[in-house]
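Architecture at a glance
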Protein chains: 4
Amino acid sequence: MSVADDLLDLRRDLHRHPEPAWREFYTTARLVDELEKRPLDALYVGPEVLADERRGVPDEDELDAWLARARDAGAREDVLDRLTGGYTGLVAVLEQGPGPTVGVRVDIDALPITEADDPSHRPAADGFRSENEGFMHACGHDAHATVGIGVIDAILESDFSGTLKVFFQPSEETVSGGEPMAKGGHLDDVDYLLALHVGLDHPTGEVVAGVDGFLAVRHFRAEFSGASAHAGGHPERGRNAVQAMAAAIQNLYSIPRNHDGATRVNAGLVGGGTASNIVPEEAFIEGEVRGETTDLMEYMDDHAQRILRTAADMHDCEVSVTGGGRAPSGESDDELAAVVGAVAEATPGVDSVLDTDSLGGSEDATYLMRHVQERGGLASFVCIGTDHPGGHHTPTFDVDEETIRIAIDVFGETIERLGREAV
Amino acid sequence: MSVADDLLDLRRDLHRHPEPAWREFYTTARLVDELEKRPLDALYVGPEVLADERRGVPDEDELDAWLARARDAGAREDVLDRLTGGYTGLVAVLEQGPGPTVGVRVDIDALPITEADDPSHRPAADGFRSENEGFMHACGHDAHATVGIGVIDAILESDFSGTLKVFFQPSEETVSGGEPMAKGGHLDDVDYLLALHVGLDHPTGEVVAGVDGFLAVRHFRAEFSGASAHAGGHPERGRNAVQAMAAAIQNLYSIPRNHDGATRVNAGLVGGGTASNIVPEEAFIEGEVRGETTDLMEYMDDHAQRILRTAADMHDCEVSVTGGGRAPSGESDDELAAVVGAVAEATPGVDSVLDTDSLGGSEDATYLMRHVQERGGLASFVCIGTDHPGGHHTPTFDVDEETIRIAIDVFGETIERLGREAV
Amino acid sequence: MSVADDLLDLRRDLHRHPEPAWREFYTTARLVDELEKRPLDALYVGPEVLADERRGVPDEDELDAWLARARDAGAREDVLDRLTGGYTGLVAVLEQGPGPTVGVRVDIDALPITEADDPSHRPAADGFRSENEGFMHACGHDAHATVGIGVIDAILESDFSGTLKVFFQPSEETVSGGEPMAKGGHLDDVDYLLALHVGLDHPTGEVVAGVDGFLAVRHFRAEFSGASAHAGGHPERGRNAVQAMAAAIQNLYSIPRNHDGATRVNAGLVGGGTASNIVPEEAFIEGEVRGETTDLMEYMDDHAQRILRTAADMHDCEVSVTGGGRAPSGESDDELAAVVGAVAEATPGVDSVLDTDSLGGSEDATYLMRHVQERGGLASFVCIGTDHPGGHHTPTFDVDEETIRIAIDVFGETIERLGREAV
Amino acid sequence: MSVADDLLDLRRDLHRHPEPAWREFYTTARLVDELEKRPLDALYVGPEVLADERRGVPDEDELDAWLARARDAGAREDVLDRLTGGYTGLVAVLEQGPGPTVGVRVDIDALPITEADDPSHRPAADGFRSENEGFMHACGHDAHATVGIGVIDAILESDFSGTLKVFFQPSEETVSGGEPMAKGGHLDDVDYLLALHVGLDHPTGEVVAGVDGFLAVRHFRAEFSGASAHAGGHPERGRNAVQAMAAAIQNLYSIPRNHDGATRVNAGLVGGGTASNIVPEEAFIEGEVRGETTDLMEYMDDHAQRILRTAADMHDCEVSVTGGGRAPSGESDDELAAVVGAVAEATPGVDSVLDTDSLGGSEDATYLMRHVQERGGLASFVCIGTDHPGGHHTPTFDVDEETIRIAIDVFGETIERLGREAV
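Chain A is annotated in an unreviewed UniProt entry as Aminobenzoyl-glutamate utilization protein A of Haloplanus vescus.

In structure tokens, the structure reads:
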């Protein structure tokens with residue numbers, strides 16, 4: 001009833017090596033190491049698991065720097081070779097006789113956050129704080145990846161009849177990995193998909209059988225360009241990109257609310273100009289729009305695109321808007337969630353099971369869930385609670401490692417049941 | 001009738017080693033080397049020439065990095081030791097008998113601009129392009145410093161009776177070096193002050209005897225802080241510093257025009273936030289206000305301060321506004337300019353002399369000029385035209401080196417005359 | 001099974017004489033005429049039915065003008081005398097033995113809309129178009145008032161045992177009549193309250209037994225004042241109230257969305273300034289905030305108040321914000337709605353009964369409903385569908401008069417049942 | 001040395017009957033009455049003095065209302081018949097032998113300001129306060145028109161040899177009468193043009209011989225239209241014209257300042273929407289741009305047009321922008337002003353003569369001045385000081401009537417001199 005030592009080691013090793021979107025080189029190689037110790041039927045890596053069209057892939061210099069870092073940390077060269085171009089992530093397959101194909105989806109990327117370095121922060125106290133300064137597993141994906149391995153172990157030891165596929169997805173934080181993995185082919189024959197998240201303000205011992213309320217989301221980057229000028233000598237010669245940016249920001253937040261449901265907009269990262277005395281030539285906004293439904297998100301996006309364009313035009317500037325990551329809205333299937341809930345009720349260490357709860361955020365697991373649902377399968381997004389000292393996406397976030405054991409138990413037993421009886 | 005070889009070498013050496021405000025370590029040391037070759041009566045360096053209160057001095061790490069760079073480039077350790085804390089700049093004194101004290105002011109700092117690297121750009125073609133990548137002498141201060149040395153040579157060879165003081169001022173580009181140098185004591189007994197600038201869109205052969213129309217200026221940095229929140233989950237928990245910043249920008253540019261004369265405002269460098277999906281907690285504006293008179297600049301500053309404060313309050317944020325560099329308005333004295341003009345008319349290579357012209361920008365030479373004028377002395381800001389291929393503050397700026405010779409001739413001969421007859 | 005002729009006449013007479021908030025003089029007098037024909041136990045008018053504190057009452061000149069208009073249209077002088085100060089509205093009481101006290105709430109005011117004058121608009125074709133040009137019963141309150149009378153007739157003819165009180169409420173359109181009527185005393189002993197609305201996009205034959213989803217609302221009027229100045233000569237002497245107003249508008253619409261539910265904001269009527277060449281001294285915004293709950297409305301109001309204040313301050317202006325009408329959110333009681341629903345199912349002409357539907361707007365009936373509910377009573381807001389050619393609040397709105405009959409039947413029969421058996 | 005009684009009566013009669021732009025019906029007829037008493041050589045009225053293309057002419061209903069008012073005040077029917085369509089204004093011609101043609105330009109329209117009604121306001125105390133409530137001669141044009149008549153009297157009694165033309169120009173306050181009068185033909189042969197203004201903050205006894213510093217100006221009216229919607233129910237269905245208007249206002253004031261000289265912008269009269277709970281469908285801005293030169297005004301106008309267009313587009317609205325009155329910049333000719341100044345020095349009651357002063361505002365006399373100057377003539381805009389208790393364009397403005405006498409003397413004597421010797 002505790003986590004196997006090798007899994008604990010794995011989780012902490014991943015925690016020490018956080019890698020952001022499309023740069024999960026060490027992570028992928030480390031998982032290959034682990035998986036090759038297991039009697040798998042198939043293991044697909046990088047380009048074999050992702051559709052070609054990907055958003056937000058960094059440039060070659062940036063990729064090379066992270067490749068070098070992974071190599072320095074001991075990643076296997078032969079695996080790294082297969083990940084060229086930032087094709088990270090993998091899919092492990094276990095065939096155990098006739099029966100349904102069950103998919104498990106875990107995500108593996110980290111965040112651009114500097115981890116706390118304080119004795120009260122356990123990874124710092126126990127020596128597994130991030131070694132990639134400025135980056136951190138602040139959302140539990142290190143635990144998610146570990147559960148992915150643990151579930152394989154559980155199924156290997158079980159009577160499950162059917163096929164298990166574990167999807168180790170890259171680039172969830174930028175909502176850009178879900179779409180290419182959903183289109184990568186390996187999901188096409190999946191009958192049941194279980195996606196995992198730990199925490200989300202639920203304590204250790206609480207399980208949400210089927211999370212709902214995913215907001216559809218689209219990221220964008222707008223680059224404004226005008227003309228610089230000496231701000232004292234010839235302000236009239238400038239075409240001020242910062243004024244365009246400011247007009248856009250003010251009006252983005254004022255897109256009308258919508259009768260049909262919740263909408264969101266944010267200009268989350270902005271900047272422009274070069275010096276106090278120069279009329280700014282360049283400025284940018286990285287932002288996002290969301291909606292309770294994909295239609296509502298599109299409504300926001302239509303307005304945002306128009307506002308970005310006209311704000312540039314208003315100040316005689318140009319603007320180039322490129323789309324970033326995105327995800328549709330989504331829902332867990334009640335029938336599948338019911339199985340998870342029933343299993344959780346019987347799992348040691350679980351003392352509270354909620355049928356459902358609203359995420360109130362976005363997740364590109366929805367791409368995988370919809371892919372399965374559109375082909376007649378069922379999907380559920382399962383939350384395994386964990387006591388986390390700091391909030392998600394903060395420097396003091398950490399997981400209660402007991403959660404890893406509970407997650408493996410709930411997922412393993414659910415998969416066994418799905419092998420026994422169709423939902 | 002051409003520039004001495006050692007001065008040409010000096011100008012190009014300085015051009016190869018551009019250093020920004022308060023970091024002119026190599027430059028100061030190199031000038032000490034040159035000056036110690038001359039029979040000076042006194043040479044004051046760093047803390048000996050600057051009042052204590054200085055604006056915009058970088059932090060210690062930044063200063064150390066530039067010290068190291070200066071050392072690597074061959075700067076003398078004993079001089080660097082005297083510049084600790086970013087006390088750059090120097091004053092050279094030559095006493096040649098009874099007579100007036102004449103000051104010459106040149107500035108020595110460079111800009112954060114990446115120099116062009118193209119065969120058509122002469123410093124690149126002839127091998128003296130910037131070796132401090134990202135920084136550049138794009139405003140001719142390398143030539144100014146060289147003229148400072150050349151004028152000493154000219155006076156040494158002349159019949160001038162009186163005292164010459166050459167002020168090598170740091171940090172003009174951030175308008176922060178003028179005030180501490182004006183208050184540093186060495187200017188108190190100066191009867192005539194000649195300040196130099198090359199170019200300013202005047203071609204080689206043209207001289208402006210007394211530039212006017214300096215805009216008073218004040219730089220500021222406003223730091224907005226609110227509270228971050230998940231932009232999808234709980235936007236209402238955020239206090240959005242980027243919204244505050246955008247409201248400030250929009251309203252800063254709309255401060256009412258003023259009947260009494262020209263005013264300016266610019267939000268030249270702005271930024272905020274961390275990621276698309278986070279309500280921004282921090283944002284900043286680096287900007288400036290200007291006025292045709294110091295009163296007009298104060299008028300703009302009063303409005304700007306109120307707008308920054310209320311924009312923060314509007315979005316439930318805090319703001320901290322700190323002042324940066326500054327300079328008052330200023331005027332050249334006609335009587336002194338008349339002497340310069342008369343000398344220039346007779347100088348070989350000069351084919352056009354303008355009594356005056358408007359700068360239309362700002363310069364902290366005005367601090368030195370006012371200091372002299374308030375004590376009964378006279379001051380003139382002299383422009384020696386130069387053919388410059390690119391505009392000031394652009395990557396292709398360069399000076400026609402013939403200008404250095406003309407400047408030395410005009411300044412040297414003017415100083416001689418001032419020794420002969422009071423104005 | 002059709003509307004009594006006298007009620008039809010009444011509805012059309014009211015339609016010809018639309019009167020806006022606190023100016024329902026003719027309407028009140030006309031209803032007194034009708035009610036005095038019935039054997040009532042009590043009839044309370046004006047100050048007898050309203051608490052003293054009222055919002056948005058027009059000034060004396062405006063009230064006098066409408067009093068004169070009512071007089072010209074034939075309103076009884078003795079009734080008008082009792083309405084001095086704009087105390088319009090009335091309460092009729094019928095005591096029919098032991099049993100519960102049932103309240104019926106109808107509203108009686110009209111809108112500042114110019115009625116269509118086209119043969120395809122039935123009131124125009126049949127000669128009962130508005131005679132108060134610029135005002136119109138464009139929301140069916142003429143029908144509501146008529147149903148109030150009709151229900152009294154129905155109860156007089158019925159076996160109902162208990163007390164019936166019909167509340168003819170003024171000033172619903174400005175959400176300012178509900179609060180003083182709720183606090184007027186007559187509602188204190190009401191056990192069941194039925195509020196009526198016709199239409200709301202439901203066709204004739206459809207009934208909603210208990211409407212929900214009332215948005216809490218608060219109106220405000222912000223008056224900005226600065227200082228005028230000649231826009232050409234001395235713009236710097238102005239303190240521009242229109243700039244303050246514009247900054248407020250832009251930022252009001254950008255109040256952050258809220259995780260807890262729907263919010264709304266609108267700057268619905270704005271203005272400022274006097275002429276092109278004068279810096280504007282005065283400006284105003286009439287606006288409103290709403291929320292799915294009263295807390296959410298308060299959240300919006302807090303932000304709005306701060307934005308109005310800081311926008312004024314930003315442009316060195318003053319602002320005075322006064323509250324206008326308001327209403328809390330509210331909910332119908334399911335138990336009471338169930339009775340209405342059951343009655344409606346059995347009512348001739350009704351072919352569709354919905355348990356509930358969301359209003360998506362605001363209504364100050366919520367003040368009366370809450371007053372009853374807080375004292376242990378039950379309340380339901382009942383919608384009787386009607387085919388309406390134009391939308392609510394448009395010049396071509398009209399009601400299908402058959403609806404009046406259905407409403408009387410549903411309300412009358414429900415009241416009888418409530419007399420027979422407690423809910 | 002005092003004003004003739006008939007002229008005093010005229011001034012006060014005009015003051016009692018103030019009429020705004022293109023509605024100077026009574027004024028024109030009253031002046032015809034006066035002029036027909038003098039032995040003129042020609043008198044041209046309305047369409048005979050104005051080019052066809054006029055801006056800002058009110059609609060027929062408005063014109064008819066003012067025609068009726070003029071008729072009621074006793075205006076001659078035969079003159080009113082000649083002014084149909086708002087062709088107001090007149091030109092009087094006096095031929096007195098060989099010599100130059102001298103033009104005098106006075107303006108005759110009033111302002112939409114309610115006159116003070118207080119014993120300390122002399123027109124109120126002495127019974128000649130405005131009888132057209134809401135309108136007022138608050139800029140002295142009643143005195144200007146009177147001086148026009150007085151100068152004719154002075155020339156009739158003088159030895160002037162040459163031709164005198166007095167231009168009584170309508171619609172100066174809206175800067176729309178100057179252009180059509182300049183193009184009306186009567187100015188083509190004018191050798192010297194003297195334009196008159198009283199006051200301008202100069203006291204009685206002070207004369208400015210040649211005013212300069214006219215700002216070029218252009219008025220505009222922007223009408224935004226979107227779509228209304230219920231602000232609570234369906235805000236997303238609205239296209240908010242008030243949001244468009246607010247974005248335009250904020251950005252109009254932030255058009256970059258210009259190196260080449262003073263610029264101005266003002267949104268002087270704005271409005272929009274209908275009620276708190278309706279998303280506004282309509283909004284408007286009446287504004288103006290100005291520049292120290294016509295080019296600078298055009299610079300501002302180009303930016304303003306773009307901002308109005310893009311602000312509408314930003315909020316999915318349409319905008320229609322129509323031009324209003326306008327005037328170019330202008331300058332008085334020094335040679336002509338020198339004559340005026342010399343005459344003024346010798347005029348009894350004048351104790352201070354300024355060669356020039358800056359208007360700092362706009363005046364469409366510049367159209368007439370340029371027309372003369374472009375044909376080789378000279379023009380000067382002369383200010384005759386007057387003690388005015390309230391500022392121009394305020395309810396307590398009044399003129400010291402002694403000023404009328406001084407103006408007549410200065411203009412009459414100047415004209416005589418111009419007849420004697422060419423400038």
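Having seen the structure, we can now continue with the description.
**Topic: the relation of the copies chain C and chain D**
Here chain C sits on chain D after a turn of 179° about the axis and a move of 0.2 Å along it, with an RMSD of 0.2 Å. Accordingly, the operation relating the two chain copies is best matched by a two-fold axis. For chain C, the smallest separation between a C-alpha atom and the rotation axis is recorded for G271(C), amounting to 2.0 Å. Looking at the interface residues of chain C, 100% of them are also at the interface in chain D, so both copies use one shared face.

**Comments concerning the relation of the copies chain A and chain B**
It takes a turn of 180° to lay chain A on chain B, together with a shift of 0.1 Å along the axis; the resulting RMSD is 0.1 Å. Taken together, the interface assignments show that 100% of the residues at the interface of chain A recur at the interface of chain B, consistent with an identical surface on both copies.

**As for the sheet that holds strand β2 (residues 90-96) of chain D**
All names here are of chain D. Taken in spatial order, the eight strands make up an open sheet running β1-β2-β4-β3-β5-β14-β6-β13, and their pairing is mixed. Each having just a single partner strand, β1 (42-45) and β13 (352-358) make up the two edges of the open sheet. Within the sheet, the average angular offset between the axes of one strand and its neighbour, ignoring direction, is 20°. Pairing of strand β3 (residues 101-107) with strand β4 (residues 162-169), which is carried by seven bridges, proceeds in the parallel orientation. Paired with D107 across the bridge in β4 is Q169. Across the sheet, helix α10 (residues 334-345) is in contact with β5 (192-198), β6 (206-212), β13 and β14 (378-384); its angle to β6 comes to roughly 175°. Of the strands in this sheet, β3, β4, β5, β6 and β14 are in contact with helix α12 (residues 402-420), which crosses β5 at around 170°.

**Here we look at the UniProt feature "binding site: Mn(2+) 1" (unreviewed entry) in chain A**
Residues and elements named next belong to chain A. Mapped onto the present numbering, the UniProt feature "binding site: Mn(2+) 1" (unreviewed entry) falls on E173. Overall, the presence of 22 C-beta atoms within 10 Å leaves E173 in the buried class. Once residues lying within four places of it in the same chain are set aside, the contact partners of E173 are A21, D109, L111 and C139.

**Quick notes on the interface of chain A and chain B**
In this complex, chain A contributes 39 residues to the contact, which on the side of chain B involves 40 residues. Elements supplying a minimum of two residues to the side of chain A that touches chain B: β7 (216-225), α8 (241-252), β9 (263-273), β10 (278-279) and β11 (282-291) of chain A. The element contributing the most residues to the side of chain A that touches chain B is β9(A), with nine residues. Per-class residue counts for the side of chain A that touches chain B are 16 nonpolar, 19 polar and four charged. Where β9(A) and strand β9 (residues 263-273) of chain B come together, five bridges link them in antiparallel fashion. Bridge pairing in β9(B) places G271(A) opposite G271(B).

**Digging into the interface of chain C and chain D**
Contact residues are listed per partner, giving 39 residues for chain C and 39 residues for chain D. At the level of secondary structure, the elements contributing two or more residues to the side of chain C that touches chain D comprise β7 (216-225), α8 (241-252), β9 (263-273), β10 (278-279) and β11 (282-291) of chain C. Here the residues of the side of chain C that touches chain D are counted per class, giving 16 nonpolar, 19 polar and four charged.

Basis of the calculations
- Residues numbered from 1 in each chain as written.
- Chains lettered and ligands numbered in written order.
- Predicted model: local features only at pLDDT ≥ 70, side-chain atom pairs only at ≥ 80, totals over all residues.
- Least-squares fit on C-alpha atoms with pLDDT ≥ 70 in both.
- Contact = placed C-beta atoms within 7 Å.
- Pairing = 2+ DSSP bridges.
- Helix = DSSP H or I, 4+ residues; strand = E, 2+ residues; numbered from the N terminus.
- Axes fitted to C-alpha atoms, helices over the stretch in contact; angles between N-to-C directions.
- UniProt positions renumbered as here; feature names shortened; annotations may be inferred.
- Buried ≥ 20, exposed ≤ 12 C-beta atoms within 10 Å, placed from the backbone.
- Nonpolar A, V, L, I, M, F, W, Y, C, P; charged D, E, K, R; others polar.

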